[in-house]
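Working through the structure, step by step
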Amino acid sequence: DLYIPLMSFVTYLLVAGFVKGATGEFSPDVIGQVGSYGLVMQSIEIGLLKLALYLFKIDGATSLLDLAAFTGYKYVRYVDQGLVRIGVSLIYFMI
């Protein structure tokens, strides 16, 4: 199921843009740069996983979409970290 990884990737883009905007470094290009970097890194990660599965002779056990879903769950934690960063910043400025 790719719903959670896809929505967490989109939310990650929005949170990253918000964090950049809060620090005064936002431009519309930030969303594209973060998105492109994320997709490239995830593609490399999927390729390395596919290579590892091939080398361990368990290549037929998983499909490409399964690996995409598996590697996409990291964005849930990235969103959590971004929201914590925003929360800590707000608390710091309120004190």
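Our structure is the block above this text.
Residues numbered from 1 in each chain as written. Predicted model: local features only at pLDDT ≥ 70, side-chain atom pairs only at ≥ 80, totals over all residues. Heavy atoms only, no water.

**Focus: the nonpolar core**
- In terms of nonpolar packing, the biggest core is built from six residues, these being Phe-9, Leu-13, Ala-16, Val-30, Val-34 and Tyr-75.
- Of all the secondary-structure elements, those providing two or more residues to this core are helix H1 (3-22) and helix H2 (28-55).
- Discounting chain neighbours no more than four positions away, the residues touching Phe-9 are Gly-35, Gly-38, Leu-39 and Tyr-75. (Core = buried A, V, L, I, M, F, W, Y, C linked by side-chain atoms within 4.5 Å. Buried < 20%, exposed > 50% of the residue type's maximum accessible area, 1.4 Å probe, protein only. Helix = DSSP H or I, 4+ residues; strand = E, 2+ residues; numbered from the N terminus. Contact = heavy atoms within 4.5 Å.)

**Comments concerning unusual backbone geometry**
- In this structure, Lys-57 is a non-glycine residue whose phi angle is positive, near 60°.
- Within the secondary structure, Lys-57 sits in the loop between H2 and helix H3 (64-72).

**Observations regarding the packing of H1 against H2**
- Two numbers describe how H1 lies on H2: the axes approach to 9 Å, and their chain directions differ by 135°. Comparing the axis directions of H1 and H2 gives the class oblique. Both H1 and H2 take part in a crossing whose hand is right-handed. Across the interface between the two elements, Phe-9, Tyr-12, Leu-13, Ala-16, Gly-17 and Lys-20 of H1 pack against Val-30, Ile-31, Val-34, Gly-35, Gly-38 and Leu-39 of H2. (Axes fitted to C-alpha atoms, helices over the stretch in contact; angles between N-to-C directions. Parallel < 35°, antiparallel > 145°, perpendicular 65-115°, else oblique. Left-handed = near helix turned anticlockwise from the far one by under 90°.)

**Some details on the packing of aromatic side chains**
- Inspection of the entire model under this criterion finds five aromatic pairs.
- Between the aromatic rings of Phe-9 and Tyr-75, the centroid separation amounts to 4.9 Å while the plane-to-plane angle is 75°, which identifies the pairing as edge-to-face. Taken as a pair, Phe-9 in helix H1 and Tyr-75 in helix H4 (residues 74-94) lie far apart in primary sequence, 66 residues in all.
- Judged by its relative accessible area of 3%, Tyr-75 falls in the buried class. (Phe/Tyr/Trp six-rings, centres within 6.5 Å; stacked < 30°, edge-to-face > 60°.)

**Section: the side chain of Thr-71**
- By the secondary structure assignment, Thr-71 is in helix H3.
- A relative accessible area of 2% places Thr-71 in the buried class.
- Contact partners of Thr-71, with chain neighbours within four places excluded, come to Gln-42, Glu-45, Ile-46 and Leu-49.

**Some remarks on the pattern of salt bridges**
- If you walk through the whole model with that rule in mind, you get three salt bridges.
- Its salt-bridge partner being Glu-25, residue Lys-20 comes within 3.4 Å of it at the nearest N-O pair.
- We classify Lys-20 as partly exposed; its relative accessible area is 32%.
- A salt bridge links Lys-74 to Glu-45; its shortest N-O distance comes to 2.8 Å. Pair noted here: Lys-74 is in helix H4 and Glu-45 is in helix H2, with a separation of 29 residues, a long-range link. (Salt bridge = Lys/Arg side-chain N within 4 Å of Asp/Glu carboxyl O.)

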